[in-house]
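# Topology and contacts: notes
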Amino acid sequence: MNRCKQILACGKPLLPPFALGCILGCPCLFFALLCFLFRPQILFLIGIWGTAEFLFLRLYRSAAKISLTITDCRLYGYTPAGGTVDLPLSFVSGCSLAPCHTLKIHTPCQTYHFPFLKDPYTLYNVLITLTYKK
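Residues numbered from 1 in each chain as written. Predicted model: local features only at pLDDT ≥ 70, side-chain atom pairs only at ≥ 80, totals over all residues. Heavy atoms only, no water.

Attention shifts here to the sheet that holds strand β6 (residues 102–106). What the three strands build is an open sheet, ordered β5-β6-β7; its pairing is antiparallel. A single partner strand is all that each edge strand has here, and the edge strands are β5 (94–98) and β7 (111–114). On average, each strand axis in the sheet is inclined to that of its neighbour by 20 degrees, with strand direction left out of account. Pairing analysis gives five bridges linking β5 to β6, with the strands arranged antiparallel. The residue of β6 that forms the bridge with Gly 94 is His 106. (Pairing = 2+ DSSP bridges. Helix = DSSP H or I, 4+ residues; strand = E, 2+ residues; numbered from the N terminus. Axes fitted to C-alpha atoms, helices over the stretch in contact; angles between N-to-C directions.)

Listed below in structure tokens is the structure:
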């Protein structure tokens, strides 16, 4: 039986800086207070901005749990939906890059997406090398 001997590449999630929330959130609260005191109509727009910021950061943090590991014979990872991926490299038919630091791994049955990776280009190069070696 072929055993995996070494880890060739690891995909780590790209986390948003905590300062992003502070930079967008603090002015939102300040302007909301000012608008409430002087113009209640604008408070609605500030509320929409704050809600959009909250949803963006929530989505971004849930996607940050995604990781990917490539060994010399298998591929392990977690999908954005929370499922696990455990594939032999012989089952991988190809891979491609997409926007938002996304790596797509194609198999005959399905395509797996791994968004918000720190360095998807390294993982892409390792996968291309391994899939063309077989």
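Moving on, there is more to tell.
Looking now at the nonpolar core. Counting residues in each nonpolar core, the largest one holds 18 residues, and the members touching the most others are Ile 70, Leu 75, Ile 105 and Leu 127. At the level of secondary structure, the elements contributing two or more residues to this core comprise β2 (68–71), β4 (84–88), β6, β7 and α3 (120–133). Considering each element in turn, this core owes the most residues, four residues, to α3. Setting aside residues up to four positions removed in sequence, Ile 70 forms contacts with Ile 7, Leu 8, Ala 9, Leu 75, Leu 123, Val 126, Leu 127 and Leu 130. (Core = buried A, V, L, I, M, F, W, Y, C linked by side-chain atoms within 4.5 Å. Buried < 20%, exposed > 50% of the residue type's maximum accessible area, 1.4 Å probe, protein only. Contact = heavy atoms within 4.5 Å.)

The strand order across the open sheet formed by four strands is β1-β2-β3-β4, and the pairing between neighbours is antiparallel. Every interior strand has two partners, whereas the edge strands, β1 (7–11) and β4, have only one. Looking at each pair of strands side by side, their axes are set apart by 10 degrees on average, direction ignored. The sheet contact formed by strand β3 (residues 74–78) and β4 spans five bridges and is antiparallel. The residue bridging Tyr 78 from the neighbouring strand is Thr 84, located in β4.

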